[in-house]
Amino acid sequence: MVLKAFFPTCCMSADSGLLVGRWVPEQSSAVVLAVVHFPFIPVQVKELLAQVHQASRVGLTVLGTWCHRRQDAEEGLGHFLEGLGAIFSHEPWLQLSRERGGKLWSCKATCRQGPPGPAAPDEDQVMLVFYDQRKVLLSQLHPAAALPDHQAGDGMAGAEGLAVVFDTVARSEALFRSDRFDDGPVRLSHWQSEGVEASILAELAKRASGPVCALLACLLSLVSATSACRLFQLWPLSFICSKLSVCEQLRHRLEQLTLIFSTQKAETPAQLMRKANVLVSVLLDVTLGLALLSWLHGKDCIGQLAEALVPVADHVAEELQHLLQWLMGAPAGLKMNRALDQVLGRFFLYHLHLWISYIHLMSPFIERILWHVGLSACLGLTVALSILSDIIALLTFHIYCFYVYGARLYCLKICGLSSLWRLFRGKKWNVLRQRVDSCSYDLDQLFIGTLLFTILVFLLPTTALYYLVFTLLRLLVVTVQGLIHLLMDLINSLPLYSLGLRLCRPYRLAAGVKFRVLEHEAGGPLRLLMQINPLPYGRVVHTYRLPSCGCHPRHSWGSLCRKLFFGELIYPWRQRGDKQD
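Rules of the game
- Residues numbered from 1 in each chain as written.
- Predicted model: local features only at pLDDT ≥ 70, side-chain atom pairs only at ≥ 80, totals over all residues.
- Heavy atoms only, no water.
- Core = buried A, V, L, I, M, F, W, Y, C linked by side-chain atoms within 4.5 Å.
- Buried < 20%, exposed > 50% of the residue type's maximum accessible area, 1.4 Å probe, protein only.
- Helix = DSSP H or I, 4+ residues; strand = E, 2+ residues; numbered from the N terminus.
- Contact = heavy atoms within 4.5 Å.
- UniProt positions renumbered as here; feature names shortened; annotations may be inferred.
- Expected span 1.5 Å × (residues − 1).
- Pairing = 2+ DSSP bridges.
- Phe/Tyr/Trp six-rings, centres within 6.5 Å; stacked < 30°, edge-to-face > 60°.
- Lys NZ or Arg CZ within 6 Å of the ring centre and 35° of its normal.
- Salt bridge = Lys/Arg side-chain N within 4 Å of Asp/Glu carboxyl O.

### Notes on the nonpolar core
Move 1: Leu-33, Val-36, Val-45, Tyr-131, Val-169, Leu-175 and Met-530 are the most contacted members of the largest nonpolar core, which totals 36 residues.
Move 2: Listing elements by their share of this core, those giving two or more residues are strand E2 (17–24), strand E3 (29–37), helix H1 (42–56), strand E7 (122–131), helix H3 (133–138), helix H4 (149–171), strand E12 (509–519) and strand E13 (526–534).
Move 3: Setting aside chain neighbours within four positions, we find Val-36 in contact with Ser-16, Gly-17, Leu-18, Val-20, Val-45, Val-186, Arg-187 and Leu-188.

This is how it looks when you write it as structure tokens:
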């Protein structure tokens, strides 16, 4: 049988002693964690392993001996180490040794259990795998992607074996707290034996973060309770808050801050990574917002925007007026229904006149409004972008009204034509059963249906042209708002901390491992070096992507084309799914 012994590279130059680690019988593997040096008392070694087991729930034991022969006088040390197997009974008993110069290695695994007799104990072949203990401790192993059926068994077995190694090193952190400067009874060699990594500033920040987070969590809970009071649940306020993007973004920002300043400790690495990603996302958002705020107030850009807003609105209104006058004539040489064309054109021109009056009425207050909007950038760039999206929606409200009027008229004619077409075929829509059933009509119903069908068919081109023009204008506004919301979702959902970790310390996000052959000589053990394969960037984004606020419903291309063809309203209003005749 071939045994796998995972040996840390930090112990390759350690003095002789005992190998402490975990034995995994399912994988026939031994994970070496540290080397216990002389002098030691066996009882104290067992007490140390019991303390580590109580703290980490990992069953550690003495796996064998480690002999590092640096001088000729130490050649007799191996016979002394072999006798320690009677004190620390473990099967199999590993015997690892390294000769002078580090070129010759010897690995043995003996099993003393067997039938009584003069026969020597059985020896198993050992495959020595070196690993970087610090990188394995700090890394997080991610499950591999799905494999084909003929490779699933081997892939699952290998993944389980690697997961055991990573989990053993990660949970044995209590063993790594002692270093060579401690005055304890047992002296160990591991990745932190030269000194425990610590920082005074980091320790002070940890101690001060507790009260600060508790205070901010109380303040955020008060804000959440205030926003959830019954006053904001009344119909006008609830309707307005559900349609404004800034309200959704502020609600999402409140959830982010609640998660950041939560006093509850993260239980899993995934929760800790999510908290770090949210923190970096909020910091970047606020930094960009402050940069935008300084640019707006530093060069008097707000005054320039306020002065340019009214002329731009007048120019847009003038272009819309020319467009309506063109539709009231003979657009592209098309023959329109003149009566309906004049009614629709004058109706839209009247609404356009109301919108121009509304803009000129608000012109004295535009600069002050923009100034307060600029101050909101201190809450983050996404808040300023959401307010910009709402301002665009308010400034193009007349276009939305034109679109709604045209869509309703067009949808009414489409529904009427579809109903009358079923009438000619002896069918009708059953509202209760939600299906088309057969139905018999008399002569008067067929005659009236024919007249109505003829009227609707001849009026459809005029209505469809107005609906097409205003739908294109509405889609242009929706595209601009969609780009703004896409930038907001990118800032809110991009896992910046994980991407930075993947760039600077790729071993922290492990997709798997690879093995490199160091030496394989006849009569000697096979020595491998385990190296960590980093997680691909695409999988990092897919795994740690943060949830966005999701301000508006999303439609597929097929659903969008169907809604546009049948005249159903799109974005941000939700259309009922029930069909009525």
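The rest of the description comes next.
### Here we look at the UniProt feature "transmembrane region" (unreviewed entry) in the protein chain
Move 1: Sequence positions flagged by UniProt for "transmembrane region" (unreviewed entry) are, in local numbering, residues 343–361, 373–396, 402–424, 445–469 and 475–499.
Move 2: The annotated region residues 445–469 carries 100% helix and 0% strand content, and the separation between its end C-alpha atoms amounts to 35 Å.
Move 3: For residues 475–499, the helix share is 92%, the strand share is 0%, and the end-to-end C-alpha distance is 35 Å.

### Some thoughts on helix H12 (residues 381–395)
Move 1: The end-to-end C-alpha distance of H12 is 21 Å, a good match for the 21 Å that 15 residues give at a rise of 1.5 Å each.
Move 2: Three or more residues of H12 are buried, namely Leu-381, Thr-382, Val-383, Ala-384, Leu-385, Ser-386, Ile-387, Ser-389, Asp-390 and Ile-392.

### Describing the pairing of strand E10 (residues 427–430)
Move 1: Pairing geometry for E10 and strand E11 (residues 435–438), over 4 bridges, is antiparallel. Looking across to E11, one finds that Asn-430 is bridged to Arg-435.
Move 2: Where E10 hands over to E11, the hairpin turn is made up of 4 residues, of which Gln-434 adopts a positive phi near 55 degrees.

### What to know about the packing of aromatic side chains
Move 1: Summed over all chains, the structure comprises 17 aromatic pairs.
Move 2: A ring pair is formed by Trp-105 and Phe-130, whose centres lie 5.3 Å apart and whose planes are at 75 degrees; its orientation type is edge-to-face. Here Phe-130 lies in strand E7 and Trp-105 lies in strand E6 (residues 105–111), a separation of 25 residues in the sequence. Neither Trp-105 nor Phe-130 differs from the other in exposure class; each is buried.
Move 3: The structure contains a cluster of three or more aromatic residues connected by ring pairs, namely Phe-347, Phe-348, Phe-402, Tyr-405, Tyr-466 and Phe-470.
Move 4: Across from the ring centre of Tyr-537, 4.4 Å away, lies the NZ or CZ of Arg-502, which sits over that ring.

### What about unusual backbone geometry?
Move 1: With a phi close to 60 degrees, Arg-57 is a non-glycine residue in the positive phi region.
Move 2: By secondary structure assignment, the location of Arg-57 is in the loop between H1 and strand E4 (61–68).
Move 3: The backbone of Gln-434 shows a phi angle near 55 degrees, a positive value even though the residue is not glycine.
Move 4: Along the chain, the position of Gln-434 falls in the loop between E10 and E11.

### Describing the pattern of salt bridges
Side chains that differ in charge, positive against negative, can pair when their charged atoms come close.
Move 1: Under the criterion given, the structure shown has 6 salt bridges.
Move 2: Among the salt bridges present, the one from Glu-568 reaches Lys-563, with a minimum N-O distance of 3.3 Å. Per residue, the accessibility class of Glu-568 equals that of Lys-563, and both read buried.
Move 3: Ionic contacts of the salt-bridge type, sharing partners, join the residues Arg-562, Lys-563 and Glu-568 into one network.

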